[in-house]
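So the chains spell out like this:
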Amino acid sequence: MYEPIKIGDLTAKLPIVQGGMGVGVSLERLASAVANCGGIGVLSAAQIGYREPEYEDAPTDTNIKAVKKYIKKAKEMTTGDGIIGINIMVATKRYEEYVQAAVDAGVDLIVSGAGLPARLPKYTKGTRTKIAPIFSSERATDILLHMWDKKYQTTADMVVIEGPDAGGHLGFSPEELKTIDKASFYEEVKKIIKCVKKYADKYNKEIPVVLGGGITTADDVDEAMKLGVNGVQVATRFVTTEECDASPEFKQCYIDAKKEDIEIIQSPVGMPGRAIHNKFLERVKETPDKITKCYQCIKTCNSVDTPYCISRALINSVKGDTDNGLVFCGANAYKADKIETVQDVINDLLRL
(Lines give C-alpha, C1' and ligand atoms only; values in the text may rest on other atoms or scores of the structure.)
Protein backbone atom coordinates (compact mmCIF):
# COMPACT_ATOMS: atom_id res chain seq x y z
CA MET A 1 0.00 0.00 0.00
CA TYR A 2 2.87 2.39 0.82
CA GLU A 3 6.09 3.04 -1.03
CA PRO A 4 9.50 2.43 0.63
CA ILE A 5 11.55 5.37 1.90
CA LYS A 6 14.64 5.89 -0.26
CA ILE A 7 17.47 7.89 1.27
CA GLY A 8 20.22 7.93 -1.31
CA ASP A 9 21.55 4.37 -1.49
CA LEU A 10 19.53 3.32 1.56
CA THR A 11 16.02 1.89 1.32
CA ALA A 12 13.61 1.29 4.18
CA LYS A 13 10.98 -1.18 3.02
CA LEU A 14 8.33 0.46 5.17
CA PRO A 15 7.62 4.21 5.61
CA ILE A 16 8.12 4.08 9.38
CA VAL A 17 10.84 6.05 11.18
CA GLN A 18 11.03 5.32 14.90
CA GLY A 19 11.58 8.58 16.72
CA GLY A 20 14.69 8.79 18.88
CA MET A 21 13.80 8.91 22.57
CA GLY A 22 16.14 9.80 25.40
CA VAL A 23 17.23 9.17 28.01
CA GLY A 24 17.69 5.48 27.25
CA VAL A 25 14.19 4.84 25.91
CA SER A 26 15.37 4.02 22.39
CA LEU A 27 18.70 2.25 22.41
CA GLU A 28 19.98 -0.86 20.63
CA ARG A 29 17.05 -3.20 21.33
CA LEU A 30 14.28 -0.94 20.08
CA ALA A 31 16.20 0.54 17.16
CA SER A 32 17.33 -2.83 15.84
CA ALA A 33 13.84 -4.31 16.24
CA VAL A 34 12.30 -1.54 14.12
CA ALA A 35 15.05 -1.86 11.52
CA ASN A 36 14.57 -5.64 11.36
CA CYS A 37 10.86 -5.09 10.67
CA GLY A 38 11.66 -2.87 7.67
CA GLY A 39 11.49 0.58 9.26
CA ILE A 40 14.24 2.94 10.34
CA GLY A 41 15.43 2.41 13.92
CA VAL A 42 16.78 5.44 15.75
CA LEU A 43 18.79 5.58 18.97
CA SER A 44 18.96 8.73 21.08
CA ALA A 45 22.33 10.23 22.01
CA ALA A 46 20.86 12.01 25.05
CA GLN A 47 22.84 10.68 28.03
CA ILE A 48 23.32 7.46 26.06
CA GLY A 49 26.06 6.29 28.41
CA TYR A 50 24.01 6.43 31.61
CA ARG A 51 24.33 2.65 32.13
CA GLU A 52 28.13 2.68 31.90
CA PRO A 53 30.12 2.40 35.18
CA GLU A 54 32.23 5.51 34.48
CA TYR A 55 29.22 7.72 33.64
CA GLU A 56 28.92 9.45 37.02
CA ASP A 57 32.57 10.55 36.99
CA ALA A 58 32.79 11.61 33.33
CA PRO A 59 29.32 11.86 31.78
CA THR A 60 30.14 13.55 28.48
CA ASP A 61 33.24 11.51 27.64
CA THR A 62 31.30 8.37 28.57
CA ASN A 63 28.36 9.39 26.39
CA ILE A 64 30.59 9.98 23.37
CA LYS A 65 32.18 6.53 23.78
CA ALA A 66 28.70 5.05 24.26
CA VAL A 67 27.51 6.57 20.98
CA LYS A 68 30.00 4.32 19.19
CA LYS A 69 29.28 1.33 21.42
CA TYR A 70 25.51 1.34 21.02
CA ILE A 71 25.47 2.14 17.31
CA LYS A 72 27.74 -0.87 16.78
CA LYS A 73 25.55 -3.03 19.03
CA ALA A 74 22.39 -1.95 17.20
CA LYS A 75 23.97 -2.68 13.82
CA GLU A 76 25.17 -6.09 15.01
CA MET A 77 21.59 -6.89 16.06
CA THR A 78 20.19 -5.70 12.71
CA THR A 79 19.85 -8.12 9.83
CA GLY A 80 20.11 -7.52 6.09
CA ASP A 81 19.79 -3.93 4.91
CA GLY A 82 18.15 -2.59 8.07
CA ILE A 83 18.77 1.12 8.70
CA ILE A 84 20.08 2.41 12.03
CA GLY A 85 20.07 6.11 12.85
CA ILE A 86 20.75 8.25 15.89
CA ASN A 87 19.07 11.44 17.09
CA ILE A 88 21.56 14.05 18.32
CA MET A 89 20.14 17.32 19.63
CA VAL A 90 21.90 20.46 18.41
CA ALA A 91 21.57 21.87 21.92
CA THR A 92 23.79 19.08 23.28
CA LYS A 93 27.05 20.26 24.81
CA ARG A 94 30.00 19.14 22.62
CA TYR A 95 27.48 18.36 19.88
CA GLU A 96 30.14 18.07 17.17
CA GLU A 97 31.97 15.33 19.09
CA TYR A 98 28.78 13.29 19.35
CA VAL A 99 28.26 13.68 15.60
CA GLN A 100 31.85 12.66 14.83
CA ALA A 101 31.52 9.60 17.07
CA ALA A 102 28.34 8.54 15.26
CA VAL A 103 29.99 8.97 11.85
CA ASP A 104 33.06 7.02 13.01
CA ALA A 105 30.79 4.20 14.16
CA GLY A 106 29.24 3.99 10.69
CA VAL A 107 25.74 5.12 11.60
CA ASP A 108 23.43 5.19 8.58
CA LEU A 109 21.54 8.35 9.49
CA ILE A 110 21.84 11.31 11.87
CA VAL A 111 18.56 12.98 12.80
CA SER A 112 19.11 16.38 14.39
CA GLY A 113 16.84 19.04 15.88
CA ALA A 114 16.48 21.14 19.06
CA GLY A 115 18.15 23.95 17.15
CA LEU A 116 19.40 24.28 13.58
CA PRO A 117 22.26 21.86 12.81
CA ALA A 118 24.18 24.48 10.84
CA ARG A 119 27.50 22.62 10.70
CA LEU A 120 26.25 19.05 10.41
CA PRO A 121 27.41 18.57 6.77
CA LYS A 122 30.96 19.47 7.79
CA TYR A 123 31.21 16.18 9.68
CA THR A 124 29.34 13.92 7.28
CA LYS A 125 30.30 15.09 3.80
CA GLY A 126 32.32 12.41 2.02
CA THR A 127 31.02 9.67 4.34
CA ARG A 128 28.13 7.24 3.86
CA THR A 129 26.22 8.76 6.80
CA LYS A 130 23.01 10.52 5.75
CA ILE A 131 21.65 13.63 7.48
CA ALA A 132 18.07 14.51 8.39
CA PRO A 133 17.32 17.85 10.07
CA ILE A 134 14.12 18.28 12.08
CA PHE A 135 11.86 21.25 11.36
CA SER A 136 8.53 22.61 12.55
CA SER A 137 8.26 25.57 10.16
CA GLU A 138 8.87 26.50 6.54
CA ARG A 139 11.04 29.44 7.64
CA ALA A 140 13.48 27.26 9.56
CA THR A 141 13.56 24.78 6.67
CA ASP A 142 14.49 27.41 4.13
CA ILE A 143 17.04 29.09 6.40
CA LEU A 144 18.96 25.88 7.06
CA LEU A 145 18.81 24.37 3.58
CA HIS A 146 19.85 27.69 2.06
CA MET A 147 22.77 27.84 4.50
CA TRP A 148 23.88 24.29 3.65
CA ASP A 149 23.58 25.02 -0.06
CA LYS A 150 25.76 28.14 0.12
CA LYS A 151 28.34 26.97 2.65
CA TYR A 152 28.69 23.26 1.90
CA GLN A 153 27.17 22.90 -1.58
CA THR A 154 24.97 20.12 -0.26
CA THR A 155 21.47 19.53 1.09
CA ALA A 156 19.53 17.20 3.35
CA ASP A 157 19.16 13.49 2.65
CA MET A 158 15.85 13.34 4.52
CA VAL A 159 13.73 15.91 6.36
CA VAL A 160 11.69 15.27 9.51
CA ILE A 161 8.76 17.54 10.36
CA GLU A 162 7.68 17.40 14.00
CA GLY A 163 4.23 18.64 14.88
CA PRO A 164 2.83 20.06 18.13
CA ASP A 165 1.59 16.65 19.34
CA ALA A 166 5.11 15.20 19.58
CA GLY A 167 6.67 14.06 22.84
CA GLY A 168 9.61 15.34 24.84
CA HIS A 169 11.02 18.73 23.98
CA LEU A 170 8.96 20.58 21.39
CA GLY A 171 9.82 22.97 18.56
CA PHE A 172 7.02 25.37 19.42
CA SER A 173 6.66 28.15 21.97
CA PRO A 174 4.13 27.69 24.79
CA GLU A 175 1.92 30.30 23.08
CA GLU A 176 2.04 28.44 19.76
CA LEU A 177 1.12 25.18 21.47
CA LYS A 178 -2.01 26.84 22.87
CA THR A 179 -3.16 28.34 19.56
CA ILE A 180 -1.99 26.11 16.71
CA ASP A 181 -4.61 23.81 15.18
CA LYS A 182 -4.29 20.81 12.90
CA ALA A 183 -5.49 22.63 9.78
CA SER A 184 -2.96 25.46 10.07
CA PHE A 185 -0.14 23.05 10.88
CA TYR A 186 -0.99 20.89 7.87
CA GLU A 187 -0.75 23.99 5.68
CA GLU A 188 2.72 24.54 7.13
CA VAL A 189 3.60 20.92 6.31
CA LYS A 190 2.67 21.49 2.67
CA LYS A 191 4.85 24.61 2.58
CA ILE A 192 7.78 22.67 4.04
CA ILE A 193 7.33 19.92 1.43
CA LYS A 194 7.38 22.55 -1.33
CA CYS A 195 10.50 24.16 0.15
CA VAL A 196 12.31 20.83 0.37
CA LYS A 197 11.41 20.03 -3.25
CA LYS A 198 13.14 23.23 -4.35
CA TYR A 199 16.44 21.96 -2.98
CA ALA A 200 15.80 18.39 -4.12
CA ASP A 201 15.36 19.65 -7.67
CA LYS A 202 18.52 21.75 -7.46
CA TYR A 203 20.58 18.74 -6.41
CA ASN A 204 18.68 16.32 -8.64
CA LYS A 205 17.96 13.94 -5.77
CA GLU A 206 15.06 12.58 -3.80
CA ILE A 207 14.68 14.06 -0.32
CA PRO A 208 12.02 12.08 1.53
CA VAL A 209 9.94 14.08 4.00
CA VAL A 210 8.73 12.36 7.16
CA LEU A 211 6.01 13.71 9.46
CA GLY A 212 5.90 13.02 13.19
CA GLY A 213 3.91 14.08 16.23
CA GLY A 214 0.82 12.25 17.43
CA ILE A 215 0.96 9.44 14.85
CA THR A 216 -0.81 6.71 16.77
CA THR A 217 -3.21 4.87 14.46
CA ALA A 218 -3.47 3.67 10.87
CA ASP A 219 -5.87 6.54 10.21
CA ASP A 220 -3.19 8.97 11.44
CA VAL A 221 -0.74 7.44 8.99
CA ASP A 222 -3.24 7.74 6.14
CA GLU A 223 -3.96 11.36 7.02
CA ALA A 224 -0.27 12.22 7.09
CA MET A 225 0.52 10.49 3.82
CA LYS A 226 -2.30 12.34 2.05
CA LEU A 227 -0.40 15.57 2.74
CA GLY A 228 2.33 14.35 0.41
CA VAL A 229 4.96 13.13 2.88
CA ASN A 230 6.95 9.96 2.22
CA GLY A 231 6.71 8.47 5.68
CA VAL A 232 5.84 8.96 9.32
CA GLN A 233 7.90 9.25 12.47
CA VAL A 234 6.46 7.29 15.38
CA ALA A 235 7.83 7.31 18.90
CA THR A 236 5.17 7.00 21.61
CA ARG A 237 3.62 3.83 20.17
CA PHE A 238 6.98 2.08 20.43
CA VAL A 239 7.41 2.80 24.15
CA THR A 240 4.91 0.14 25.17
CA THR A 241 6.66 -2.62 23.24
CA GLU A 242 8.56 -5.61 24.55
CA GLU A 243 11.67 -4.42 22.75
CA CYS A 244 11.69 -0.84 24.10
CA ASP A 245 14.80 -0.20 26.20
CA ALA A 246 12.93 1.54 29.04
CA SER A 247 11.99 -0.18 32.31
CA PRO A 248 8.64 -1.96 32.75
CA GLU A 249 7.67 0.75 35.25
CA PHE A 250 8.24 3.47 32.64
CA LYS A 251 6.06 1.64 30.13
CA GLN A 252 3.35 1.13 32.75
CA CYS A 253 3.11 4.92 33.21
CA TYR A 254 1.88 5.13 29.62
CA ILE A 255 -0.63 2.33 30.09
CA ASP A 256 -1.96 3.88 33.30
CA ALA A 257 -2.10 7.46 31.97
CA LYS A 258 -5.39 9.19 31.26
CA LYS A 259 -5.83 11.99 28.74
CA GLU A 260 -5.88 14.61 31.46
CA ASP A 261 -2.54 13.34 32.79
CA ILE A 262 -0.67 14.52 29.69
CA GLU A 263 0.65 18.03 30.26
CA ILE A 264 2.94 20.67 28.81
CA ILE A 265 5.79 21.52 31.16
CA GLN A 266 8.57 24.10 31.09
CA SER A 267 11.75 22.05 30.92
CA PRO A 268 14.78 23.14 32.97
CA VAL A 269 16.69 23.50 29.69
CA GLY A 270 14.41 26.33 28.59
CA MET A 271 12.09 24.54 26.17
CA PRO A 272 8.49 23.43 26.54
CA GLY A 273 8.02 19.69 26.76
CA ARG A 274 5.24 17.13 27.07
CA ALA A 275 5.17 14.69 29.96
CA ILE A 276 2.91 12.50 32.09
CA HIS A 277 1.80 14.17 35.33
CA ASN A 278 3.21 12.32 38.33
CA LYS A 279 4.38 12.71 41.93
CA PHE A 280 7.73 14.04 40.77
CA LEU A 281 6.23 16.97 38.84
CA GLU A 282 3.95 17.78 41.77
CA ARG A 283 6.88 17.78 44.20
CA VAL A 284 9.28 19.97 42.20
CA LYS A 285 6.58 22.59 41.68
CA GLU A 286 6.46 23.05 45.44
CA THR A 287 10.04 22.20 46.44
CA PRO A 288 12.77 22.43 43.81
CA ASP A 289 15.46 19.77 43.99
CA LYS A 290 18.90 20.68 45.25
CA ILE A 291 21.26 20.29 42.29
CA THR A 292 24.44 18.61 43.51
CA LYS A 293 25.88 17.51 40.18
CA CYS A 294 25.74 18.74 36.57
CA TYR A 295 25.65 16.07 33.86
CA GLN A 296 26.68 18.52 31.12
CA CYS A 297 23.68 17.77 28.92
CA ILE A 298 22.18 20.85 27.25
CA LYS A 299 23.87 24.16 26.47
CA THR A 300 20.88 26.20 27.64
CA CYS A 301 20.63 24.65 31.09
CA ASN A 302 21.77 26.72 34.06
CA SER A 303 22.07 24.35 36.99
CA VAL A 304 22.13 27.26 39.47
CA ASP A 305 18.47 28.19 38.98
CA THR A 306 16.78 25.06 37.63
CA PRO A 307 14.06 23.37 39.71
CA TYR A 308 15.57 19.93 39.04
CA CYS A 309 18.24 18.20 36.98
CA ILE A 310 16.53 16.93 33.84
CA SER A 311 19.20 14.32 33.18
CA ARG A 312 18.83 12.80 36.63
CA ALA A 313 15.03 12.97 36.39
CA LEU A 314 14.99 11.16 33.04
CA ILE A 315 17.52 8.56 34.17
CA ASN A 316 15.47 7.83 37.31
CA SER A 317 12.31 7.24 35.29
CA VAL A 318 13.86 5.11 32.55
CA LYS A 319 15.38 2.91 35.27
CA GLY A 320 11.97 2.50 36.90
CA ASP A 321 11.89 5.12 39.68
CA THR A 322 9.07 7.08 38.06
CA ASP A 323 7.96 8.68 41.34
CA ASN A 324 11.28 10.53 41.30
CA GLY A 325 11.58 10.99 37.57
CA LEU A 326 10.28 12.77 34.51
CA VAL A 327 8.25 10.71 32.02
CA PHE A 328 8.25 12.36 28.61
CA CYS A 329 5.53 11.30 26.17
CA GLY A 330 3.55 12.25 23.09
CA ALA A 331 0.05 13.76 23.18
CA ASN A 332 -1.60 10.38 22.62
CA ALA A 333 0.31 8.35 25.21
CA TYR A 334 -2.92 7.80 27.12
CA LYS A 335 -4.18 5.59 24.29
CA ALA A 336 -1.65 2.87 25.18
CA ASP A 337 -3.42 -0.04 26.86
CA LYS A 338 -1.08 -3.03 26.54
CA ILE A 339 2.46 -4.19 25.87
CA GLU A 340 2.93 -5.23 22.24
CA THR A 341 5.82 -6.21 20.01
CA VAL A 342 7.38 -3.81 17.51
CA GLN A 343 5.96 -5.97 14.73
CA ASP A 344 2.46 -5.67 16.25
CA VAL A 345 2.73 -1.87 16.23
CA ILE A 346 3.96 -1.70 12.64
CA ASN A 347 1.29 -4.13 11.46
CA ASP A 348 -1.38 -2.00 13.13
CA LEU A 349 -0.07 1.32 11.77
CA LEU A 350 0.22 0.05 8.20
CA ARG A 351 -2.71 -2.39 8.26
CA LEU A 352 -0.43 -5.30 7.40
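S.K.: Explain the packing of helix H5 (residues 138-152) against helix H7 (residues 182-202) here, please?
M.R.: The axes of two packed helices give the description: the angle between them and the distance between them. In the contact formed by H5 and H7, the axes pass within 9 Å of each other and the chain directions differ by 15 degrees. As the angle between them shows, H5 and H7 are arranged roughly parallel. Viewed along their axes, H5 and H7 form a crossing whose handedness is right-handed. Across from Glu138, Arg139, Thr141, Asp142, Leu145, His146 and Asp149 in H5, the residues of H7 making contact are Glu188, Lys191, Ile192, Cys195, Val196, Lys198, Tyr199 and Lys202. In terms of residue class, the contact of H5 with H7 is built from 5 nonpolar, 2 polar and 8 charged.

S.K.: Which parts of the structure should I look at to understand a nonpolar patch on the surface?
M.R.: A cluster of nonpolar side chains, Leu116, Ile143 and Met147, forms an exposed patch at the surface whose accessible area comes to about 200 Å². Inspection of the secondary structure puts Leu116 in the loop between strand E6 (109-112) and helix H4 (120-124). Owing to a relative accessible area of 33%, Leu116 belongs among the partly exposed residues under this scheme.

S.K.: Which parts of the structure should I look at to understand H5?
M.R.: Side chains of residues three or four places apart in an α-helix project in the same direction, reflecting 3.6 residues per turn. Over its 15 residues, H5 extends 21 Å from the first C-alpha to the last, a length consistent with the 21 Å expected when each residue adds 1.5 Å. Of all the positions in H5, only Ala140, Thr141, Leu144, Leu145, Trp148, Asp149 and Tyr152 are classed as buried. Summarising the axial view, the buried residues of H5 lie within an arc of 155 degrees, below the 170-degree limit, and thus occupy one face. Turned more than 90 degrees away from the buried face of H5, the exposed residues are Arg139, Lys150 and Lys151. Next to the buried residues of H5 lie H4, strand E7 (130-135) and H7.

S.K.: Any chance you could explain empty space enclosed by the protein here in plain terms?
M.R.: In this approach the atoms are scanned with a rolling probe the size of a water molecule, which exposes any empty space left behind. For the structure shown, the criterion picks out 1 cavity of 30 Å³ or more. Taken together, 15 residues form the lining of the largest cavity, with Cys294, Cys297, Cys301, Ser303 and Cys309 sitting closest to its centre. Classifying every residue of the lining of the largest cavity gives 9 nonpolar, 4 polar and 2 charged.

S.K.: Help me understand the sheet that holds strand E13 (residues 272-276) in this model?
M.R.: The strands making up a sheet associate through hydrogen bonds between their backbones, and the pairing can be parallel or antiparallel. Here 3 strands make up an open sheet; going across it, the order is E9-E13-E12 and the pairing antiparallel. This sheet does not close on itself; its edge strands, each paired only once, are strand E9 (168-169) and strand E12 (262-266). Judged from the 5 bridges that link them, E12 and E13 form a sheet pairing that is antiparallel. Paired with Ile264 across the strands is Arg274, a residue of E13.

S.K.: So what exactly am I meant to see when it comes to the side chain of Thr240 here?
M.R.: Locating Thr240 in the fold gives a position in the loop between helix H9 (236-239) and helix H10 (248-256). Other than its neighbours up to four places away in sequence, Thr240 contacts Lys251, Tyr254, Ile255, Ala336, Lys338, Ile339 and Glu340.

Analysis parameters
- Residues numbered from 1 in each chain as written.
- Predicted model: local features only at pLDDT ≥ 70, side-chain atom pairs only at ≥ 80, totals over all residues.
- Heavy atoms only, no water.
- Axes fitted to C-alpha atoms, helices over the stretch in contact; angles between N-to-C directions.
- Helix = DSSP H or I, 4+ residues; strand = E, 2+ residues; numbered from the N terminus.
- Parallel < 35°, antiparallel > 145°, perpendicular 65-115°, else oblique.
- Left-handed = near helix turned anticlockwise from the far one by under 90°.
- Contact = heavy atoms within 4.5 Å.
- Nonpolar A, V, L, I, M, F, W, Y, C, P; charged D, E, K, R; others polar.
- Patch = residues over 30% accessible without salt bridge, like charges linked within 9 Å, V, L, I, M, F, W, Y side chains within 5 Å.
- Areas by Shrake-Rupley, 256 points an atom, 1.4 Å probe, with all protein chains shown as cover.
- Salt bridge = Lys/Arg side-chain N within 4 Å of Asp/Glu carboxyl O.
- Buried < 20%, exposed > 50% of the residue type's maximum accessible area, 1.4 Å probe, protein only.
- Expected span 1.5 Å × (residues − 1).
- Arc of directions from axis to C-beta.
- 1 Å grid on protein atoms, 1.4 Å probe; cavity = no way out; pocket = protein on both sides within 12 Å on 5 of 7 lines; lining within 4 Å.
- Points joined across faces, edges and corners; volume = space filled by probe spheres on them.
- Pairing = 2+ DSSP bridges.

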